[in-house]
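Chains, contacts and geometry: an overview
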Amino acid sequence: AALDSAPYCFCMPWFVYIAQAHTGRYYVGITTTPQERIQEHNAGIGSRFAMQQGPFTLVYVSQPFSDKSSARVREAQMKGWSRLKKENLIRGEWK
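Everything in this summary refers to the structure shown in the same document. All values derive from a computational prediction rather than experimental measurement.

**Details of the packing of aromatic side chains**
In this structure the tally under the stated criterion is two aromatic pairs. Plain terms: the ring middles of Tyr17 and Tyr27 are 6.2 Å apart, the flat faces sit at 45° to each other, and that makes the pair tilted. Of this pair, Tyr17 sits in strand β1 (residues 15-21) while Tyr27 is found in strand β2 (residues 26-31), placing the two residues 10 residues apart along the sequence. Here Tyr17 and Tyr27 have matching classes, each one buried. Site record: aromatic cluster; members linked through ring pairs are Tyr17, Tyr27 and Phe56. Above the plane of the ring of Tyr27 lies Lys79, whose end atom (NZ or CZ) is 5.9 Å from the centre.

**As for helix α5 (residues 83-90)**
Those residues of α5 lying buried are Lys86, Glu87, Asn88 and Leu89. Those residues of α5 hidden inside the fold are in contact with β1, β2, β3 (56-61) and α4 (68-79). Gly92, located one to two residues past α5, shows a positive phi value of around 85°.

**Section: the side chain of Thr31**
Here Thr31 shows up in strand β2. A polar atom in the side chain of Thr31 sits 3.1 Å from the backbone nitrogen of Thr33. Leaving out residues up to four positions away in the same chain, Thr31 has contacts with Pro13, Trp14, Phe15, Tyr17 and Arg37.

**Quick look at the sheet that holds β1**
Backbone hydrogen bonds are what pair the strands of a sheet, in a parallel or an antiparallel way. Strand order across the open sheet formed by three strands is β2-β1-β3, with antiparallel pairing between neighbours. Sheet topology places β2 and β3 at the edges, where each strand pairs with a single neighbour. For this sheet the average axis-to-axis angle between neighbouring strands, irrespective of direction, equals 35°. Note: β1 against β3, five bridges, orientation antiparallel. Bridge pairing in β3 links Tyr17 to Val61.

**What about the nonpolar core?**
Val16, Ile18, Tyr26, Val28, Ile30, Tyr60, Ala71, Met78, Trp81 and Leu89 form the largest nonpolar core, which has 10 residues in total. Mapped onto this core, the elements with two or more residues apiece are β1, β2 and α4. The dominant element in this core, judged by the number of residues it contributes, is β2, at three residues. Setting aside chain neighbours within four positions, we find Met78 in contact with Val16, Ile18, Val28, Tyr60, Lys86 and Leu89.

**A word on α4**
Over its 12 residues, α4 runs 16 Å from end to end, which matches the ideal 16 Å to within 8%, given 1.5 Å per residue. Among the residues of α4, those classed as buried are Ala71, Arg74, Glu75 and Met78. Buried residues along α4 cover an arc of 105° about the axis, so they all sit on one side. What points out from α4, more than 90 degrees from its buried face, is the exposed set Ser69, Val73 and Ala76.

Rules of the game
Residues numbered from 1 in each chain as written. Predicted model: local features only at pLDDT ≥ 70, side-chain atom pairs only at ≥ 80, totals over all residues. Heavy atoms only, no water. Phe/Tyr/Trp six-rings, centres within 6.5 Å; stacked < 30°, edge-to-face > 60°. Helix = DSSP H or I, 4+ residues; strand = E, 2+ residues; numbered from the N terminus. Buried < 20%, exposed > 50% of the residue type's maximum accessible area, 1.4 Å probe, protein only. Lys NZ or Arg CZ within 6 Å of the ring centre and 35° of its normal. Contact = heavy atoms within 4.5 Å. Polar contact = N/O pair within 3.5 Å; in protein donor to acceptor, adjacent residues only side chain to side chain. Pairing = 2+ DSSP bridges. Axes fitted to C-alpha atoms, helices over the stretch in contact; angles between N-to-C directions. Core = buried A, V, L, I, M, F, W, Y, C linked by side-chain atoms within 4.5 Å. Expected span 1.5 Å × (residues − 1). Arc of directions from axis to C-beta.

Structure representation (structure tokens):
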């Protein structure tokens, strides 16, 4: 009975990712499945930017976030970063 009343979630972790377009531009997004999301972008499924700038290569995946909201906060933060700061993160020189 204790298990029935306890909040339990089979939630998938969320990730913030950076993809690099063939033009060299970076795209920051969130997903539960980074590799699959890149495949979707490359198939033309997703944001207008992705459709215009693709194909993409996945260059960074964050540590997992327990919920979408937390991943969104980090995504918004990273979208505000300079190109240099994103490149430092990709190289592992920034957290």
